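The chain contents come next:
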Amino acid sequence: MTVLLLMMQSATSGFGGLTLLLPVFLIAMVLMTAIPNQRKQKKWQQMLSELKAGDQVTTTGGVRGTIYSLRDDIITLRVAPDNIKLEFVKSAIASVTTNEEEK
């Protein structure tokens, strides 16, 4: 009964059935943006868990170097040209470039 009433009210309004489709459209848009972000986050977490000494990485700040040592959440990078050792938080690693160079 209430559905019929809603349909009659929306039919008499100037927007027609658009008001009924708006919530469905909004939910679809949220799902279309949330699912790819979850996949990207999962892939990044897996990449962080597979890091090992000797991997060449790039940080979110653009620093490129080779992993010298790993601790719980701290990574020490050896950076060229003078082999300077810098410490970074593990979450600052943006990508691993070792695999790209081997291909």
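Residues numbered from 1 in each chain as written. Predicted model: local features only at pLDDT ≥ 70, side-chain atom pairs only at ≥ 80, totals over all residues. Heavy atoms only, no water.

Draft legend 1. Summary view of the overall build of the protein chain. Across its full length, the protein chain holds three helices and five strands. Ordered by position in the sequence, the α and β elements of the protein chain form the string α-α-β-β-β-β-β-α. Within the protein chain, the proportion of its 103 residues that are buried is 20%. As displayed, the protein chain has an accessible area near 8,100 Å², and 62% of this comes from carbon and sulfur atoms. (Helix = DSSP H or I, 4+ residues; strand = E, 2+ residues; numbered from the N terminus. Buried < 20%, exposed > 50% of the residue type's maximum accessible area, 1.4 Å probe, protein only. Areas by Shrake-Rupley, 256 points an atom, 1.4 Å probe, with all protein chains shown as cover.)

Draft legend 2. Region of interest: the pattern of salt bridges. Inspection of the entire model under this criterion finds two salt bridges. Close ionic contact of Asp55 with Lys52 constitutes a salt bridge, the shortest N to O distance being 3.1 Å. What makes Asp55 buried here is its relative accessible area of 7%. Accessibility expressed as a relative area gives 49% for Lys52, which makes it partly exposed. Two residues, Glu87 and Arg71, come together in a salt bridge whose shortest N-O distance is 2.6 Å. One end of the pair, Glu87, is in strand β4 (residues 84-89); the other, Arg71, is in the loop between β2 (64-70) and β3 (74-79), with 16 residues separating them in the sequence. Among the residues examined, Arg71 registers a relative accessible area of 47% and is labelled partly exposed. (Salt bridge = Lys/Arg side-chain N within 4 Å of Asp/Glu carboxyl O.)

Draft legend 3. Fine view of the environment of Ile84. By the element assignment, Ile84 lies in strand β4. With 19 residues separating them in the primary sequence, Ile84 and Gly65 have C-alpha atoms 9.5 Å apart.

Draft legend 4. Summary view of the sheet that holds strand β1 (residues 56-59). Taken in spatial order, the five strands make up an open sheet running β4-β3-β2-β1-β5, and their pairing is antiparallel. Of all strands in the sheet, those bounded by a partner on one side alone are β4 and β5 (93-96). Neighbour-to-neighbour, the strand axes of the sheet open up by a mean angle of 45 degrees, direction not taken into account. Both β1 and β2 contribute to a ladder of three bridges, which runs antiparallel. In the strand pairing of β2, Val57 is matched with Gly65. (Pairing = 2+ DSSP bridges. Axes fitted to C-alpha atoms, helices over the stretch in contact; angles between N-to-C directions.)

Draft legend 5. Unusual backbone geometry, seen in detail. The step from Ala80 to Pro81 runs through a cis peptide bond, and the omega angle for that step is 5 degrees. Within the secondary structure, Pro81 sits in the loop between β3 and β4. A positive phi angle, near 55 degrees, is found at Asn83, a position not held by glycine. For Asn83, the position within the fold is in the loop between β3 and β4.

Draft legend 6. Region of interest: the pairing of β2. A loop of four residues connects β1 with β2, the two strands running antiparallel in sequence, and Gly62 in this loop sits at a positive phi of about 95 degrees. Across four bridges, β2 lies against β3 in antiparallel orientation. Its bridge partner being in β3, Ser69 is matched across the sheet by Thr76. Two successive antiparallel strands, β2 and β3, enclose a turn made up of three residues.

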